[in-house]
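# Fold and geometry: a report
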Amino acid sequence: DVKVTQSSRYLVKRTGEKVFLECVQDMDHENMFWYRQDPGLGLRLIYFSYDVKMKEKGDIPEGYSVSREKKERFSLILESASTNQTSMYLCASSIQGAREKLFFGSGTQLSVL
Amino acid sequence: SQKIEQNSEALNIQEGKTATLTCNYTNYSPAYLQWYRQDPGRGPVFLLLIRENEKEKRKERLKVTFDTTLKQSLFHITASQPADSATYLCALGGNNAGNMLTFGGGTRLMVKP
């Protein structure tokens, strides 16, 4: 089975800190995604990547950046964390375009104080 | 703007009954629709994909319908079990920039013994 691993289940950071969320997938998938999930708002796409060193903005990229130096790893970076970035962050991967099913990690619950 | 609506109120049903969840959308012409299951503290798990030219799809106790005229998908779980209790998300894709999925907010299903 495909495994998508997120480095932390829970993370507590202070306002202004630089935060790194790491995601690794083990099935050689081309596509990787970062979503955030908030009650009542569903999943919203932050960034995605179709290939190494390639990135595209999703619906809510402001305040975030990403890095994909290796095919299996996709990192989400909060340059200066703010309280409105407190959320559940979900990483996903897929084989081709989004038409293929997404495989999600277990998520990182980030609290910014 | 595109909008996907799922009943935000929890659906409570008795074990053995059929659960029916609804996904409505507006300002969108998706090429396909997916349903995911999400358990508390976990990432979503893919269940079914149905394309715009398909009316119905089945998988074991699950059945999905897709009515592009009504702009609605129905998700049925027959002979429901307490283990089916979870949040179910619909996601629409295709025919938009980047072929990205857009998720609904999800409906929580509670199956009581």
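Report follows, based on the coordinates. Given the structure is predicted, the values throughout are model-derived calculations rather than measurements. (Residues numbered from 1 in each chain as written. Chains lettered and ligands numbered in written order. Predicted model: local features only at pLDDT ≥ 70, side-chain atom pairs only at ≥ 80, totals over all residues. Heavy atoms only, no water.)

## So, the overall build of chain B
When its secondary structure is counted, chain B shows zero helices and eleven strands. Burial statistics for chain B: of 113 residues in total, 44% are counted as buried. Long-range pairs, those at least 24 residues apart, make up 56% of the contacts in chain B between residues at least 6 apart in sequence. As displayed, chain B offers around 5,600 Å² of accessible surface, 46% of which is attributable to carbon and sulfur atoms. The centroid of the 14 positive side-chain charges in chain B is displaced by 2 Å from the centroid of its 10 negative side-chain charges. (Helix = DSSP H or I, 4+ residues; strand = E, 2+ residues; numbered from the N terminus. Buried < 20%, exposed > 50% of the residue type's maximum accessible area, 1.4 Å probe, protein only. Contact = heavy atoms within 4.5 Å. Areas by Shrake-Rupley, 256 points an atom, 1.4 Å probe, with all protein chains shown as cover. Lys, Arg positive; Asp, Glu negative; His and termini not counted. Charge placed at Lys NZ, Arg CZ, Asp CG, Glu CD.)

## Structural notes on the interface of chain A and chain B
Each partner contributes residues to the interface: chain A has 18 residues there, and chain B has 20 residues. Interface of chain A and chain B: buried area, both sides summed, is about 1,600 Å²; carbon and sulfur atoms make up 56% of it. For the pair chain A and chain B, the number of links is three residue pairs in polar contact (both at pLDDT 80 or more). The set of elements that each furnish at least two residues to the side of chain A that touches chain B consists of β4 (31–38) and β5 (42–49) of chain A. In terms of residues, the side of chain A that touches chain B owes the most to one element, β5(A), which gives four residues. (Buried area = accessible area lost by both parts, 1.4 Å probe. Polar contact = N/O pair within 3.5 Å; in protein donor to acceptor, adjacent residues only side chain to side chain.)

## Considerations on the pattern of salt bridges
Residue and element names in this part refer to chain A. Under the definition given, this model contains ten salt bridges over all chains. Ionic pairing is found between D38 and R44, a salt bridge with its closest N-O pair at 2.8 Å. By relative accessible area, which is 11% here, D38 ends up buried. When its relative accessible area of 25% is taken as the criterion, R44 is described as partly exposed. (Salt bridge = Lys/Arg side-chain N within 4 Å of Asp/Glu carboxyl O.)

## Focus: unusual backbone geometry
Peptide bonds are mostly trans, and most non-glycine residues show a negative phi. In this structure, A:K53 is a non-glycine residue whose phi angle is positive, near 65 degrees. What makes A:K53 exposed here is its relative accessible area of 60%. One non-glycine residue, B:E60, adopts positive backbone phi at about 55 degrees. Residue placement: B:E60 occurs in the loop between β6 (56–59) and β7 (62–67). Judged by relative accessible area, B:E60 falls into the exposed class, the value being 80%.

## Structural notes on the nonpolar core
Residues and elements named next belong to chain B. If you look at the biggest cluster of nonpolar residues, it comprises 23 residues, and the most contacted ones within it are W35, F75, Y88 and L92. Secondary-structure elements contributing two or more residues to this core are β3 (19–26), β4 (32–38), β5 (45–51), β7, β8 (72–77), β9 (86–93) and β11 (107–112). Ignoring anything within four residues of it in the chain, the contact list for Y88 reads Q6, L21, W35, Y36, R37, L47, F75, I77, G106, T107 and L109. (Core = buried A, V, L, I, M, F, W, Y, C linked by side-chain atoms within 4.5 Å.)

## Quick look at the sheet that holds strand β1 (residues 4–6) of chain A
Residue and element names in this part refer to chain A. Taken together, four strands build an open sheet; the order of strands is β1-β3-β8-β7 and the sheet is antiparallel. A strand with exactly one partner marks an edge of an open sheet, and here the two such strands are β1 and β7 (64–70). Each neighbouring strand pair of the sheet contributes to a mean axis angle of 20 degrees, computed without reference to strand direction. Pairing between β7 and strand β8 (residues 73–78): five bridges, direction antiparallel. Its bridge partner lying in β8, S67 is registered against S75. (Pairing = 2+ DSSP bridges. Axes fitted to C-alpha atoms, helices over the stretch in contact; angles between N-to-C directions.)

## What about the packing of aromatic side chains?
Residues and elements named next belong to chain B. For the structure shown, the criterion picks out 13 aromatic pairs over all chains. Judged by centre distance (5.7 Å) and plane angle (80 degrees), the rings of Y36 and F46 are edge-to-face. Remark: F46 occurs in strand β5 and Y36 occurs in strand β4; sequence separation between them is ten residues. Judged on exposure class, the residue Y36 and its partner F46 are both buried. The interplanar angle of 35 degrees and the centroid separation of 5.3 Å between the aromatic rings of F75 and Y88 together place this pair among those described as tilted. Of this pair, F75 sits in strand β8 while Y88 is found in strand β9, placing the two residues 13 residues apart along the sequence. (Phe/Tyr/Trp six-rings, centres within 6.5 Å; stacked < 30°, edge-to-face > 60°.)

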